[in-house]
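# Notes for the structure review
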Amino acid sequence: QVQLVESGGGLVQPGGSLRLSCAASGSIFSINAMGWYRQAPGEQRELVATITRRGSTNYADSVKGRFTISRDNAKNTVYLQMNSLKPEDTAVYYCNGWVVVDRWSLPKDYWGQGTQVTVSS
């Protein structure tokens, strides 16, 4: 069993900052790409940022220059530092990871349960 657990969401004023964390646990041999996605009410889930095991990153245009994704491979953890938050960043943020459970298996994607981020004055 593999679990991804997010933390760090909450209520913040416009212009503020939050740092999300997502820790993977369970039967893990390695984790390839990890990422953050978000879903606002009535909207489809969208990509926020991804990071490869070697640290190459990709961001949605809407968050470039404001959000930073990073990871700690030793801790099987991915982070999302969110600065200059805007009301339109309000959403449930989900963590995703492509997990290899043993040396004979292909990567499989796993999702966290989501954490709410609300940007409001």
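So, here's what we can say about the structure. (Residues numbered from 1 in each chain as written. Predicted model: local features only at pLDDT ≥ 70, side-chain atom pairs only at ≥ 80, totals over all residues. Heavy atoms only, no water.)

Let us now look at the side chain of Asp 89. For Asp 89, the location among the structural elements is in the loop between β8 (77-82) and β9 (91-100). Since its relative accessible area comes to 0%, Asp 89 is described here as buried. A polar contact of 2.8 Å, which involves the side chain of Asp 89, links it to the side chain of Arg 66. Residues within four places of Asp 89 in sequence aside, it is in contact with Arg 38, Arg 66, Phe 67, Ser 84, Val 117 and Val 119. (Helix = DSSP H or I, 4+ residues; strand = E, 2+ residues; numbered from the N terminus. Buried < 20%, exposed > 50% of the residue type's maximum accessible area, 1.4 Å probe, protein only. Polar contact = N/O pair within 3.5 Å; in protein donor to acceptor, adjacent residues only side chain to side chain. Contact = heavy atoms within 4.5 Å.)

Let's shift gears to the pairing of β8. Of all six residues making up β8, five are buried, and the element is well covered by its neighbours. Sheet topology places strand β3 (residues 18-26) next to β8; six bridges connect them, and they run antiparallel. Opposite Leu 20, over in β8, you have Leu 80 as the bridge partner. Note that strand β7 (residues 67-72) and β8 share six bridges and pair antiparallel. Along β8, the bridge assignment pairs Asp 72 with Thr 77. Following β7, the chain reverses through four residues before pairing antiparallel with β8; Asn 76 in that reversal takes a positive phi of roughly 50 degrees. (Pairing = 2+ DSSP bridges.)

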